[in-house]
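Observations on the three-dimensional arrangement
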There are 2 protein chains.
Amino acid sequence: MNSYPESFERLTEKFAGLPGVGRKSAQRMAFYILSLSDAEAGAFADAITDAKRRVKRCRICQNLTDSEICPICGSDKRDKSVICVVSQPRDVTAFERTREYKGLYHVLHGVISPLKHIGPDDIAVKELLARLDPSVEEIILATDPDAEGEATAMYISRLVKQLGVKTTRIAYGIPVGSNLEVADDATLYRALEGRREI
Amino acid sequence: MNSYPESFERLTEKFAGLPGVGRKSAQRMAFYILSLSDAEAGAFADAITDAKRRVKRCRICQNLTDSEICPICGSDKRDKSVICVVSQPRDVTAFERTREYKGLYHVLHGVISPLKHIGPDDIAVKELLARLDPSVEEIILATDPDAEGEATAMYISRLVKQLGVKTTRIAYGIPVGSNLEVADDATLYRALEGRREI
């Protein structure tokens, strides 16, 4: 006999659907919800519907925002001649943490992947091309350095260059603070290839 | 510059409050919510408020239920002369899985713990005593075999015996499928002490 009430099981199932959550953890989460006050549980539920309703894509760069245009695109302190193209919103956060980059972004929301049936029309490529007015001087392609990220960068680079805009690719190399011993061969090769005069 | 919208951050914080969830996992969960359809996200939010609103304690055994009396207490197939006392609802599920026990349960919702300022009045002891009519012949104390579970069992046993009802304690011993080599000394001692003629 299943001894948990149906509404409890339903909640456990929802939690078990979250990425990286197994059945036992999901049950602990459901117990946590029961331990909350009515107001706290309500606030949790509202946070879900709120985020889902409010969060949309910036009309310009496609990054997540809850206004029409995101704070970065709307800022007059950013260099509008450079656009850094990334695959995910979390990549924007990563670059912003460096506090070094002052240009704009473009979030593709994915990479081209024939194996997963994701083509150029399934990611925000046309939205990028639509942004390329004469004020844009450089497109930095900052997709991941794996096969799909590489192919996506090459694809976009070809289209952008046809429109007469310079494209660059982020550098491969040994991570700062790491050491040569643990770097894999491909990274080492790329680090050597990308060497600069100092 | 924080590049995530506020409502997204709020949802991430809620997930980060769940037991065993760190900031990075919480963010992945929030992205998962955004990837759902409006209806699916709404169903998730509803599951939270629903469980919180519907799930209450069975008027008799204090186990979680969404009706007035839980299916076990309401069943006419259960032996109402035996009550197995456990500390948590998940313990009921564990015993039910064995399909061997046919009596009733009583869920204390905790154990007595002076260190955590949890006294007998903070757990469902008086609700247990109120159930002890002449039809009840045995109380099985099935709290955990640790210091607090042991003390709670002893405390309840004393009260119940005063009312003329027999109390028993679940057996300590070597887990089935385990071996003597890995059993700790206390368990081994208890296994020896609890030996039976075969």
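Figured I'd write up the structure that's included with this text. This structure is a prediction, so every number in the text was calculated from the model and none was measured. (Residues numbered from 1 in each chain as written. Chains lettered and ligands numbered in written order. Predicted model: local features only at pLDDT ≥ 70, side-chain atom pairs only at ≥ 80, totals over all residues. Heavy atoms only, no water.)

**Considering the nonpolar core**
The criterion, for reference: Nine residue types can take part in a nonpolar core, namely buried Ala, Val, Leu, Ile, Met, Phe, Trp, Tyr and Cys, and a core is a set of them joined through side-chain atoms within 4.5 Å. Exposed residues in this analysis have more than 50% of their type's maximum accessible area, buried residues have under 20%, and partly exposed residues fall in between, with area computed by a 1.4 Å probe over protein chains only. Labels follow the DSSP assignment, with helices taken as runs of H or I lasting at least four residues and strands as runs of E lasting at least two, numbered in each case from the N terminus. Pairs of residues are marked as contacts when any of their non-hydrogen atoms sit within 4.5 Å.
Ranked by size, the top nonpolar core spans 42 residues in total, and within it F15 and I48 of chain A together with F15 and I48 of chain B carry the most contacts. Mapped by element, the contributors of at least two residues to this core are α1 (6-16), α2 (23-35) and α3 (38-54) of chain A together with α1 (6-16), α2 (23-35) and α3 (38-54) of chain B. Look past the residues within four positions of I48 of chain B in its chain and what remains in contact with it is L11, I33, A41, F44, A45 and I48 of chain A. Within the second largest apolar cluster, 31 residues are counted, among which are C84, L128, V136 and A142 of chain A.

**Some details on the relation of the copies chain B and chain A**
Mapping between the two copies of the chain is achieved by a rotation about an axis and a shift along the axis. The condition that has to hold: Copy-to-copy superposition: least squares on the C-alpha atoms, limited to residues that have pLDDT of at least 70 in both copies.
Superposition of chain B onto chain A requires a rotation of 180 degrees combined with a translation of 0.0 Å along the rotation axis, giving an RMSD of 0.1 Å. On the angle and the small slide along the axis, the relation comes out as a two-fold axis. Considering only C-alpha atoms, the part of chain B nearest the rotation axis is A45 of chain B, at 2.2 Å. Comparing contact sets, 100% of the residues at the interface of chain B also lie at the interface in chain A, consistent with an isologous, same-surface contact.

**Re the pattern of salt bridges**
When the charged atoms of two side chains with opposite charge come close together, those side chains can pair. As a reminder of what qualifies: The working definition used for a salt bridge is a side-chain nitrogen of Lys or Arg within 4 Å of a carboxyl oxygen of Asp or Glu.
Tallying each qualifying case throughout the model produces 20 salt bridges over all chains. Put simply, R23 of chain A and E9 of chain A hold a salt bridge, and the shortest N to O gap is 2.9 Å. Within this pair, whereas R23 of chain A is found in helix α2, its partner E9 of chain A is found in helix α1, the two being separated by 14 residues in sequence. On the accessibility criterion, R23 of chain A (43% relative accessible area) is partly exposed. Given a relative accessible area of 13%, E9 of chain A falls into the buried group. A salt bridge links R53 of chain B to D50 of chain B; the shortest N-O distance between them is 3.4 Å. Here R53 of chain B pairs with D50 of chain B, and both are found in helix α3, just three residues apart, close to one helical turn. In this structure, a network of salt bridges that share partners links the residues E6 and R10 of chain A together with D50, R53 and R54 of chain B.

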